[in-house]
Amino acid sequence: MRNQDPAQLIAGVRGGDRLRLAQAITWVENEHPRAVELLAALYPCGGGSHIIGVTGAPGSGKSTLVTALARAIRAAGQTVAIVAIDPTSPFTGGAILGDRVRMRALSGDPGVFIRSMATRGSLGGLSKTTGGVITVLDAAGFDRILVETVGVGQAEVEIASTAHTTVVVEAPGLGDEIQAIKAGILEIADLLVVNKADRPGADKTVQALAMMLELDGTHARPRRHHGRLVPDSQAATGTPAHAGQGESRDDARWRVEVLKTVASTEEGVETLRQRIEAHRDWLLETGEWTAREHLRAAHAVEALLRAELERRIRAQWAALDVRALVEAVAQRRQDPYHAAQRLLAGH
Ligand SMILES: Nc1nc2c(ncn2[C@@H]2O[C@H](COP(=O)(O)OP(=O)(O)OP(=O)(O)O)[C@@H](O)[C@H]2O)c(=O)[nH]1
Ligand SMILES: [Mg+2]
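If you're wondering where the values come from, they're calculated on a predicted model, not measured in any experiment.

About the cut-offs
Residues numbered from 1 in each chain as written. Chains lettered and ligands numbered in written order. Predicted model: local features only at pLDDT ≥ 70, side-chain atom pairs only at ≥ 80, totals over all residues. Helix = DSSP H or I, 4+ residues; strand = E, 2+ residues; numbered from the N terminus. Buried ≥ 20, exposed ≤ 12 C-beta atoms within 10 Å, placed from the backbone. Contact = placed C-beta atoms within 7 Å. Pairing = 2+ DSSP bridges. Axes fitted to C-alpha atoms, helices over the stretch in contact; angles between N-to-C directions. Core = buried A, V, L, I, M, F, W, Y, C linked by C-beta atoms within 7 Å. Domains from an automatic or database assignment. Parallel < 35°, antiparallel > 145°, perpendicular 65-115°, else oblique. Left-handed = near helix turned anticlockwise from the far one by under 90°. Nonpolar A, V, L, I, M, F, W, Y, C, P; charged D, E, K, R; others polar. Expected span 1.5 Å × (residues − 1). Arc of directions from axis to C-beta. pLDDT = per-residue confidence, 0-100.

(A) Broad picture of the overall build of the chain. When you go through the chain residue by residue, the secondary structure sums to 15 helices and seven strands. Counting every position in the chain, which comprises 347 residues, the buried fraction comes to 39%. Excluding contacts between residues fewer than 6 apart, the proportion of contacts in the chain whose partners are at least 24 apart in sequence is 75%.

(B) Seen up close, the sheet that holds strand β1 (residues 50–56). The strand order β3-β2-β4-β1-β5-β6-β7 describes an open sheet built from seven strands, whose pairing is parallel. Looking along the sheet, the strands with just one partner apiece sit at the ends: β3 (112–117) and β7 (257–260). Direction aside, neighbouring strands of the sheet carry axes that sit 20° apart on average. The strands touched by helix α6 (residues 130–139) are β1, β2 (80–85), β3 and β4 (144–150); relative to β2, the strand with the most contacts, the crossing angle is about 170°.

(C) Up close: the nonpolar core. Counting 67 residues, the largest nonpolar core has Val83, Val136, Ile145 and Leu146 as its most contacted members. Each of domain 1 (1–44) and domain 2 (46–286) contributes no fewer than three residues to this core. Once residues lying within four places of it in the same chain are set aside, the contact partners of Leu146 are Ile52, Val54, Val66, Leu69, Ala70, Val80 and Ile82.

(D) Up close: the packing of helix α1 (residues 6–14) against helix α3 (residues 35–42). Relative orientation of the contacting elements α1 and α3 amounts to 40°, with a least axis distance of 10 Å. Taken together, the axis directions place α1 and α3 in an arrangement best described as oblique. Pair α1 / α3 crosses with right-handed handedness. Residue-level inspection shows Pro6, Leu9, Ile10 and Val13 of α1 in contact with α3, the latter providing Glu37, Leu38, Ala41 and Leu42. Grouping the constituent residues of the contact of α1 with α3 by class yields seven nonpolar, no polar and one charged.

(E) View of unusual backbone geometry. One non-glycine residue, Glu31, lies in the positive phi region at around 50°. For Glu31, a count of 11 C-beta atoms within 10 Å gives the class exposed.

(F) Main features of helix α2 (residues 18–29). Its 12 residues give α2 an end-to-end C-alpha distance of 16 Å, which sits within 8% of 16 Å, the value for a rise of 1.5 Å per residue. Here α2 has its buried residues at Arg20, Leu21, Gln23, Ala24, Ile25, Trp27, Val28 and Glu29. Where α2 is buried, its residues meet α1, α3, β3 and α6. Two residues or fewer after α2 comes Glu31, characterised by a positive phi angle close to 50°.

(G) A look at the packing of α1 against α2. Contact geometry of α1 with α2 gives a least axis separation of 8 Å together with a crossing angle of 125°. What the angle tells us is that α1 and α2 run oblique. In this structure, α1 meets α2 at a crossing whose hand is left-handed. Across from Gln8, Leu9, Gly12 and Val13 in α1, the residues of α2 making contact are Arg20, Leu21, Gln23 and Ala24. Within the contact of α1 with α2, the residues separate by chemical class into four nonpolar, three polar and one charged.

(H) Examining the environment of Ala278 more closely. With respect to the helices and strands, Ala278 occurs in helix α12 (residues 269–286). Spatially, the C-alpha atom of Ala278 lies 9.8 Å from that of Trp254, the residues being 24 residues apart in sequence.

(I) Summary view of α12. Across its 18 residues, α12 extends 26 Å between first and last C-alpha, which sits within 8% of the 26 Å expected from 1.5 Å per residue. Within α12, the full set of buried residues consists of Val269, Leu272, Arg273, Ile276, His279 and Leu283. Buried residues along α12 cover an arc of 115° about the axis, so they all sit on one side. Residues Gln274, Asp281 and Glu285 are exposed on α12 and point more than 90 degrees away from its buried face.

(J) The arrangement of the pairing of strand β5 (residues 165–170) in detail. The buried fraction of β5 is high, at six of six residues. Both β1 and β5 contribute to a ladder of five bridges, which runs parallel. The partner of Gly56 across the bridge, within β5, is Val169. Here β5 runs beside strand β6 (residues 191–194); their pairing, made up of four bridges, is parallel. By the bridge assignment for β6, Glu170 is matched with Val194.

(K) Examining the confidence of the model for the chain more closely. Mean pLDDT over the chain: 82, with 76% of residues reaching 70 or higher. Of all secondary-structure elements in the chain, the lowest mean pLDDT belongs to helix α11 (residues 233–237), at 44, while α12 reaches the highest, 97. For residues 233–248, every residue scores under 50 in pLDDT, and the model assigns this stretch 22 contacts once sequence neighbours within four places are set aside.

Shown next, in the form of structure tokens:
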């Protein structure tokens, strides 16, 4: 297994060999020396999967919902992969509990593939290898890829730049309705779900969200790339078909909806699946799919660029006496501006 050839893994991934698929993902996660070679060969084979991000507060029921959604997708005759990026949640024990539930509900189905990933420190954020794992699953030909992330900090922006469709999960009783809905969540949501609709206060949460959508109006805005290093290619080469054309093209806009689910009984989950499909249809019909592919590409290139720059800077730091430099800045013998320049220049 250690001496596995990339060519064998590539053939395995493409040919539906689950063992090789799992090995390929492990290579990506562990940043195997030949992982880049593997990913570069698999990348051109992708583009067929609909990538669906599911994010929301800890304990809102994301894992349960993703499991139920996977069952609905299977019932509709499609294959599905689940990627759970789980920082162990103080609420439920994160990955372990979520996985146990999933294993039971989906075990033995060859049309389902499940992979949990640790965030390794970046709480709630996508792991730095998530993009690569999605590339492998896309090349493996899964019709749908569900990506579960806890909505903390940067995670929302990251998932929205990674997925074609972003589902934001809320639950009643997680605190004051308005407070619980963090800034930025409306901007990234293509669909809002109030899960645990069997709990008291669900309708109040639905109403609060619907009102915020109306007041906010962000749901009518086209998606933007949030990074800075790589320019948003859409902004440079033209806008999506529906954007910036005033009220006359209002019909072409996607209206964010608020849906209710009880993930634990699968109530409302088939409707959610259908609305996700409707969003996919809308993306394809309006040209927004292509626009999002550009955003995803920009995000991917930028993420790799940042990682490489960081790696280089760290390598330089290791070779320099950073502590002495920081000490000099603290004592005001050196200013931080020139200190940063010195580190960058490597002397
Ligand atoms: N009453 C009720 N409980 C639910 C529902 N959906 C999930 N739960 C329960 O809520 C708890 C948390 O569910 P998870 O699916 O693990 O939630 P999560 O958002 O993935 O949690 P983290 O990954 O830890 O952030 C579990 O005990 C579930 O059984 C629901 O619709 N109604
Ligand atoms: Mg979970």
